[in-house]
Amino acid sequence: MTHGLTVKYDDINTFSRGDGVETRLMVGKGNADTTPFTSGTTVFPPGKAAPLHSHNCAEQVTILEGQAEAMIDGRLVQLGPLDTSFVPAEAPHYFRNTGAGRLVILWIYGARDVTRTFTDTGETVPHMSSADQV
């Protein structure tokens, strides 16, 4: 029998990605054995971003707080609170904090096993592994 899960945000361990960028896994294979997706948040200090990259699965990103520049598959857009994007699998993308305060994004991947491929190097790493840095 499968049971539901509730997660208190303040109880989630923070994964440091470098440059002050912090990620929290909300639901994924680490805490929900049968989940078909992976979700969490990332907080970016002003001016910070993840490098251009792609994933092995589709991703939805919603801006919870702050202002962002998003590059998705060659298209550059400006996003603010509650603006949402869909990033197809294998599409190069990044989100950059363009505001004076922090940028908080909610991400949802359409898979439980997620990888990140860095566009500049072609290196593929497991999501939230020690090699998954900004």
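The structure contained in this document is the topic of the report that follows. Source: prediction; values computed, not measured. Counting restarts for each chain, with residues numbered from 1 along the sequence as it is written. The predicted nature of this model means local features are confined to residues of pLDDT at least 70 and side-chain atom pairs, given and counted, to a pLDDT of 80 or more, with totals for whole chains, interfaces and linings taken over all residues. Only hydrogens and water are removed before side-chain values are computed, so all heavy atoms of the structure are retained for them.

Moving on to the overall build of the protein chain. By definition, any uninterrupted DSSP run of H or I lasting at least four residues is a helix, any uninterrupted run of E lasting at least two residues is a strand, and each is numbered from the N terminus. When helices and strands are tallied, the protein chain shows zero helices and 12 strands. Along the protein chain, helices and strands appear, N-terminal first, in the series β-β-β-β-β-β-β-β-β-β-β-β. Every radius of gyration here is taken over C-alpha atoms, with the globule rule written as 2.2 Å times N^0.38, N being the number of residues. Taken over C-alpha atoms, the radius of gyration comes to 14 Å for the protein chain, in line with the 14 Å a tight globule of 134 residues would show. Dimensions of the protein chain along its principal axes, counting C-alpha atoms only, are 45 × 30 × 25 Å.

Working definition: rings of Phe, Tyr and Trp (its six-membered ring) pair if their centres are within 6.5 Å, and the pair is stacked with planes under 30 degrees apart, edge-to-face with planes over 60 apart, and tilted otherwise. Tallied over the full model, the rule gives one aromatic pair. Ring centres 5.1 Å apart and planes at 40° place the aromatic pair Trp107 and Tyr109 in the tilted group. Working definition: with a 1.4 Å probe on protein chains only, accessible area under 20% of the residue-type maximum means buried, over 50% means exposed, and in between means partly exposed. For Tyr109, a relative accessible area of 2% gives the class buried.

Right, let's get into the pairing of strand β2 (residues 21-27). Pairing geometry for strand β1 (residues 15-18) and β2, over three bridges, is antiparallel. Paired with Phe15 across the two strands is Thr23, which belongs to β2. Hairpin geometry of β1 and β2 is characterised by an intervening segment of two residues between the two adjacent antiparallel strands and by a positive phi of about 60° at Asp19. The rule for pairing is simple: two strands pair if DSSP sees at least two bridges between them. Across five bridges, β2 lies against strand β3 (residues 38-44) in antiparallel orientation. In the strand pairing of β3, Thr23 is matched with Thr42.

Attention now goes to the layout of surface pockets. A pocket here means an open set of points on a 1 Å grid, computed over the protein atoms alone, that has protein on both sides within 12 Å along at least five of seven lines. A cavity is instead a set of points where a 1.4 Å probe fits but cannot get out; residues with an atom within 4 Å of a point line either one. Grid points are joined across faces, edges and corners, and a volume is the space filled by probe spheres set on the points. The space that makes up the largest pocket amounts to roughly 190 Å³. Looking at the largest pocket, the residues that line it are Leu25, Gly28, Lys29, Gly30, Thr38, Arg112, Asp113, Val114, Pro126, His127 and Met128. Of the residues belonging to the lining of the largest pocket, the class tally is four nonpolar, four polar and three charged. Amino acid classes used here: Ala, Val, Leu, Ile, Met, Phe, Trp, Tyr, Cys and Pro are nonpolar; Asp, Glu, Lys and Arg are charged; the rest, including Gly, are polar.

We now examine unusual backbone geometry. At Leu82, a position not held by glycine, the phi torsion is positive, near 75°. Within the fold, Leu82 resides in the loop between β7 (75-79) and β8 (84-87). Among the residues examined, Leu82 registers a relative accessible area of 66% and is labelled exposed.

Spatially, the six strands line up as an open sheet ordered β1-β2-β3-β10-β5-β8, and their pairing is antiparallel. Of all strands in the sheet, those bounded by a partner on one side alone are β1 and β8. Each strand axis lies, on average, 25° off the axis of its neighbour in the sheet, ignoring direction. Only C-alpha atoms enter the line fits that serve as axes; for helices the fit covers just the stretch in contact. Angles between N-to-C directions range over 0 to 180 degrees.

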